[in-house]
Amino acid sequence: MMWLCYIIMIVVPYLLGGVNTSIIVTKLKTGKDIRTMGSGNAGLTNFYRCYGARYAPLVILCDMLKAVAAVLVGRWLFALLGFPLLGEYFAALFCVIGHMFPVTAQFKGGKGILCSGTLLLMLDWRIALAGWGLFLLLWLTTRYVSLGSVAAAVSFPISTFFCFRTPVLTVLSLLIAGLVLWAHRGNIVRLVQGKESKFHWHGKEDKT
């Protein structure tokens, strides 16, 4: 029973995470691959820069829903074993892995920020407050999405440790944060060099 739960825990959140709406919407609408446009990333920020705000809410909604579904699966499965919170963290980890390395898209997905941000909301309100608070503060004051994302990722294992004092949960949160930081390694270098692009609001229509 326990091993079956672990197998389902890995497979289902991973597959849910691999549903990348920015890739799907771009393909259906223009026949192009979002990963060949703009920054080459399959995340919300690049999608918005390429296509404007018209379809961004759809990408946001679907990426949030898949993260919610993954955590709910983890909570339910591990509740059967008496560890619902552990199940949520396991599901969160494999949902992020699926988002970044989707088997359905040649293992080239997004950087996991919106997905991870939704996971924070599902895990604990204190963790979400720390992560989202840092993200919004740095994004709105500097207009660097990547800076807010990196800060939020760093805060995750710290807030997990102080909220739960559980080594396993802290390790899982470190793995998730490490994945996000690795995905942003290029952004970190550009931030240090002062070459990172700032976020700009616009109402640009689709590029075809």
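Summary of the structure given here. The structure presented is a predicted model; accordingly, all values stated were derived computationally and were not measured. (Residues numbered from 1 in each chain as written. Predicted model: local features only at pLDDT ≥ 70, side-chain atom pairs only at ≥ 80, totals over all residues. Heavy atoms only, no water.)

## Here's the deal with the packing of helix H1 (residues 2–17) against helix H4 (residues 56–79)
For any two helices packed against each other, the geometry is given by the interaxial angle and the distance between the axes.
Okay, so step 1: Two elements in contact, H1 and H4, have axes separated by 9 Å at closest approach and are oriented at 175°. Classified by the interaxial angle, the pair formed by H1 and H4 is roughly antiparallel. Of the residues in H4, those touching H1 at Cys5, Tyr6, Ile8, Met9, Val12, Pro13, Leu16 and Gly17 are Lys66, Ala69, Ala70, Val73, Gly74, Leu77 and Phe78. (Axes fitted to C-alpha atoms, helices over the stretch in contact; angles between N-to-C directions. Helix = DSSP H or I, 4+ residues; strand = E, 2+ residues; numbered from the N terminus. Parallel < 35°, antiparallel > 145°, perpendicular 65-115°, else oblique. Contact = heavy atoms within 4.5 Å.)

## A short note on H4
Okay, so step 1: Given a rise of 1.5 Å per residue, 24 residues ought to cover 34 Å, and the 35 Å separating the end C-alpha atoms of H4 matches this to within 8%.
Okay, so step 2: Those residues of H4 not exposed but buried are Ala56, Val59, Asp63, Lys66, Ala67, Ala70, Val71, Gly74, Leu77 and Phe78.
Okay, so step 3: Where H4 is buried, its residues meet H1, helix H2 (21–30), helix H3 (44–51), helix H5 (84–100) and helix H6 (113–123). (Expected span 1.5 Å × (residues − 1). Buried < 20%, exposed > 50% of the residue type's maximum accessible area, 1.4 Å probe, protein only.)

## Some thoughts on the pattern of salt bridges
Okay, so step 1: Evaluated as defined, the whole model comprises 5 salt bridges.
Okay, so step 2: The shortest N-O distance in the salt bridge between Arg75 and Glu88 comes to 2.6 Å. One end of the pair, Arg75, is in helix H4; the other, Glu88, is in helix H5, with 13 residues separating them in the sequence.
Okay, so step 3: Put simply, Arg190 and Glu196 hold a salt bridge, and the shortest N to O gap is 2.9 Å.
Okay, so step 4: Judged by relative accessible area, which is 34%, Arg190 ranks as partly exposed. (Salt bridge = Lys/Arg side-chain N within 4 Å of Asp/Glu carboxyl O.)

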